[in-house]
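# Geometric and topological summary
The chain contents come next:
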Amino acid sequence: MKLAIWSYQAPAHVGVSMCASSINGVHTVLRAPKGDGYATIMLAMFERLGVLPPLTINALTEGTLAGAPADLPRVLREIDARVKPKAILVTRSATAAVLQEPLDGEFGTMTPGELGAEVIFGASHPVRDNETTAFALTLRQLVAHVAADCARTETPSVNILGPALLGFHDHSNVRALRALFAAIGVDVNAVVPLGATVDDLRTLGRAWLNVSLVHERTAPLVAYLRERYGTPSVDALPYGEAGTTRFLREVCATLELPADRIAAAARESQLGWYARTVDAHALSTKRVAVFGTPTTAAGIARVLHDELDMRVEWVGTYVREYGDWLSARVADVTGRILVTDDYREVAQAIDETRPDIVFGSQMERHAASAHGIPCAVISPPAHILNFPLSYAPFVAYEGANYLADVVNRTQVLGLEHHLIETFGPRGQGRFAEQAPEGLDEPAVAAAEGAPQWDPSAERLVGRIPFFVRKKARANIEKYAREQRLAVIDERVVLAAREHVGG
């Protein structure tokens, strides 16, 4: 056992709460000390719900320590009368599990059928499981509990599996996928668990195809649906322009749809265009590191490597159970896979490799900032400020555009640091603090003839990024001619920058 200051994943009961609270009509009862009820605050604040999520804390008391049984029947009756849910999921935190209370408490004393809601006792283990595995087990359990035989939809349809409350960019990702399927004429049978109803869980077998938005949350469910209904699933990840096209080709091939439908959906993509711009060419020499949840890390690492021609130093995840899955996904992208849930190992990897840009969680952002390395937050754990209010998908063609913006903004920040280091703020930078000692006033020449470059000015201009250097050099020479200066030295370069407002 290790004592951790920071942890990538929350305890199992948070994963259970994320899953169950995402489904309309399901209410969660968490047996736990009052302090373990922070999941309620997380759900309300990060999701900006405006209301508390459907979760009730059945709190441990001093009487519990003295051996008093949990008053579960009273809690269930109160929720059933007040909320009227279709199902109540009972679970407990690790602290409650340590007391070795039976999860069903005095439930056996209740009269069968006295509750309108169906009571389900959670299958995940509060100590052995973590946030991710508990989520996945709960999702499979809830679906398997209510699943019913049903006929396929008349036209091709898909289930979108995995998005949930507290899921990073999940609302936007669902919207982008819905638009993508609409563009190729495929219906969405259900989105589970985010916004689903209990009836949606019953009819997942109607879909022709399952699409997992978050592999690590849905692998048990996808396997169950394949076994129960024979429903196939898509293996490709819809990240980036090329990745989304591969994803749609697999969808069309599985559903036996004409592939020419993809062209209509791809009209929204601009990543390919961006990759051919001067700005993007500057990325080809950049060394990057990617760390996060397995699906996001795999998808974004492929975009950076395959579509933006960046050099991926290493890729990693803290979800140890899916380290091999991630490794197989990016085997041709990098030779170094980092699978650890110790943030200090990740920070050490950043320190050792010093990539130009890091794509990771808020933890990697902290580690990267210590070395002045820009970091884009692409995975939880994240700060509330990393949960966008606006539309910001990672997947599909619209997601490809957003990822290009993320890369561009992060790179621009790095460029900004470079320019500040070179020139400093207006009148205060390293090269603007003072004129070099002994430097005479610039020589004045006749208007005719090109000004001559002093070596010191050449060195200064050499620090300007190559893709804007030619333009900057022309502006400086134009300024020198306008000022009738025969020689361009450091002072002229800085004066020209001031003149053009740089």
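In the annotation of an unreviewed UniProt entry, the entry for the chain reads Light-independent protochlorophyllide reductase subunit B, and the organism field reads Vulcanimicrobium alpinum. Check the Pathway (unreviewed entry) section of the UniProt entry for the chain; it says "Porphyrin-containing compound metabolism; bacteriochlorophyll biosynthesis."

## Digging into the side chain of His-13
Along the chain, His-13 falls in helix H1 (residues 12-21). Look past the residues within four positions of His-13 in its chain and what remains in contact with it is Leu-30, Asp-36, Tyr-38, Arg-92 and Ser-93.

## Points about the sheet that holds strand S7 (residues 209-212)
Through backbone hydrogen bonds, the strands of a sheet pair up, either in parallel or in antiparallel fashion. Taken together, 3 strands build an open sheet; the order of strands is S6-S5-S7 and the sheet is parallel. Since the sheet does not close on itself, it has two edges, and those belong to strand S6 (187-192) and S7, each with one partner. Within the sheet, the average angular offset between the axes of one strand and its neighbour, ignoring direction, is 25 degrees. In this sheet, S6 lies alongside strand S5 (residues 157-161) in parallel orientation, the contact comprising 5 bridges. In the sheet register, Val-158 faces S6, and the bridge partner there is Val-188. Lying on the sheet, helix H9 (residues 215-229) is in contact with S5 and S7; it crosses S5 at an angle near 135 degrees.

## Thoughts on the sheet that holds strand S9 (residues 311-317)
Read across the sheet, 5 strands follow the order S10-S9-S8-S11-S12 without closing on themselves; strand pairing throughout is parallel. Strands with a single pairing partner mark the edges of an open sheet, and in this sheet they are strand S10 (337-339) and strand S12 (375-377). Averaged over all neighbouring strand pairs, the angle between strand axes comes to 15 degrees, with direction disregarded. When strand S8 (residues 287-292) meets S9, the two strands line up parallel, connected through 6 bridges. Within S9, the position partnered with Arg-287 by the bridge is Arg-311.

## A closer look at the environment of Pro-451
Topologically, Pro-451 is positioned in the loop between helix H18 (396-423) and strand S13 (452-453). For Pro-451 and Lys-478, which are 27 residues apart along the polypeptide, the C-alpha to C-alpha distance reads 9.3 Å. If we skip the residues at most four places from it in the chain, Pro-451 touches Glu-477, Ala-480, Arg-481, Leu-485, Ala-486 and Ile-488.

## Structural notes on the environment of Leu-494
Tracing the chain through its elements places Leu-494 in helix H21 (residues 490-500). Overall, Leu-494 belongs to the buried group, its relative accessible area being 16%.

## Here's the deal with unusual backbone geometry
Only a minority of non-glycine residues have a phi that is not negative, and only a minority of peptide bonds are not trans. Look at the link from Val-192 to Pro-193: it is a cis peptide, with omega at 5 degrees. In the segment running from Pro-380 into Pro-381, the intervening peptide bond is cis, with an omega of 0 degrees. In the Ramachandran plot, Lys-84 falls in the positive-phi region, its phi being about 55 degrees despite a non-glycine side chain. Along the chain, Lys-84 falls in the loop between helix H4 (72-82) and strand S3 (87-92).

## Things to note about H4
Taken as a whole, H4 has its buried residues at Leu-72, Pro-73, Val-75, Leu-76, Ile-79 and Asp-80. Buried residues along H4 cover an arc of 165 degrees about the axis, so they all sit on one side. Opposite the buried face of H4, by more than 90 degrees, sit the exposed residues Ala-81 and Arg-82. Buried-residue contacts for H4 involve strand S1 (26-32), strand S2 (55-59), S3 and strand S4 (118-121).

## With respect to the side chain of Thr-231
Note that Thr-231 resides in the loop between H9 and helix H10 (241-255). Those residues in contact with Thr-231, other than ones at most four positions away along the chain, are Arg-152, Ala-207, Trp-208, Leu-209, Asn-210, Leu-225 and Arg-226.

## Concerning the pairing of S3
Where burial is concerned, most of S3 is hidden: 5 out of the 6 residues are buried. Here 6 bridges tie S1 to S3, and the two strands are oriented parallel to one another. Note on S3: the bridge partner recorded for Val-26 is Ala-87. Where S3 meets S4, 4 bridges bridge the pair, whose relative direction is parallel. Along S4, the bridge assignment pairs Val-90 with Phe-121.

## So, the pairing of S2
The two faces of a sheet get side chains in turn, since along a regular strand they alternate between them. As judged from the 5 bridges shared by S1 and S2, these two strands associate in the parallel manner. Along S2, the bridge assignment pairs Arg-31 with Asn-58.

## As for the packing of helix H6 (residues 131-146) against H9
Remark: H6 packs on H9, axes separated minimally by 7 Å, with the N-to-C direction vectors making an angle of 30 degrees. Between H6 and H9, the angle falls in the class roughly parallel. For the pair H6 and H9, the sense of crossing is right-handed. Every residue of H9 that contacts H6 at Thr-132, Phe-135, Ala-136, Leu-139, Arg-140, Val-143 and Ala-144 is listed here: Glu-216, Arg-217, Thr-218, Pro-220, Leu-221, Tyr-224 and Leu-225. Looking at the contact of H6 with H9 residue by residue, the classes come out as 9 nonpolar, 2 polar and 3 charged.

Reading guide: rules and limits
Sequence order as written defines residue numbering, which begins from 1 separately in each chain. In keeping with the predicted nature of the model, local features appear solely for residues at pLDDT of at least 70, side-chain atom pairs appear and are counted solely at 80 or more, and the whole-chain, interface and lining totals rest on all residues. No hydrogens and no water enter the side-chain calculation; it runs on all heavy atoms of the structure. UniProt positions are given in the numbering used here, feature names are shortened, and annotations may be inferred rather than shown by experiment. In this text, helices come from DSSP runs of H or I with a minimum length of four residues, and strands from runs of E with a minimum of two, each type numbered from the N-terminal end. Note on contacts: a residue pair qualifies if any of its non-hydrogen atoms lie within 4.5 Å across the two residues. For two strands to pair, DSSP has to find at least two bridges joining them. Each axis is a line fitted through C-alpha atoms, and for a helix only the stretch in contact is used; angles between axes span 0 to 180 degrees, taken between their N-to-C directions. Classification of residues uses two cut-offs on accessible area relative to the type maximum, computed with a 1.4 Å probe and protein chains only: under 20% is buried, over 50% is exposed, and between them is partly exposed. Arc definition: it is the arc formed by the directions from the helix axis to the C-beta atoms. Relative orientations are named as follows: roughly parallel for angles under 35 degrees, roughly antiparallel for angles over 145 degrees, roughly perpendicular for angles from 65 to 115 degrees, and oblique for any other angle. By convention, the crossing between two helices is left-handed when the near helix turns anticlockwise from the far helix through less than a right angle, and right-handed when the turn is clockwise. Under the grouping applied here, Gly and all other residues not named as nonpolar or charged are polar, the nonpolar ones being Ala, Val, Leu, Ile, Met, Phe, Trp, Tyr, Cys and Pro and the charged ones Asp, Glu, Lys and Arg.

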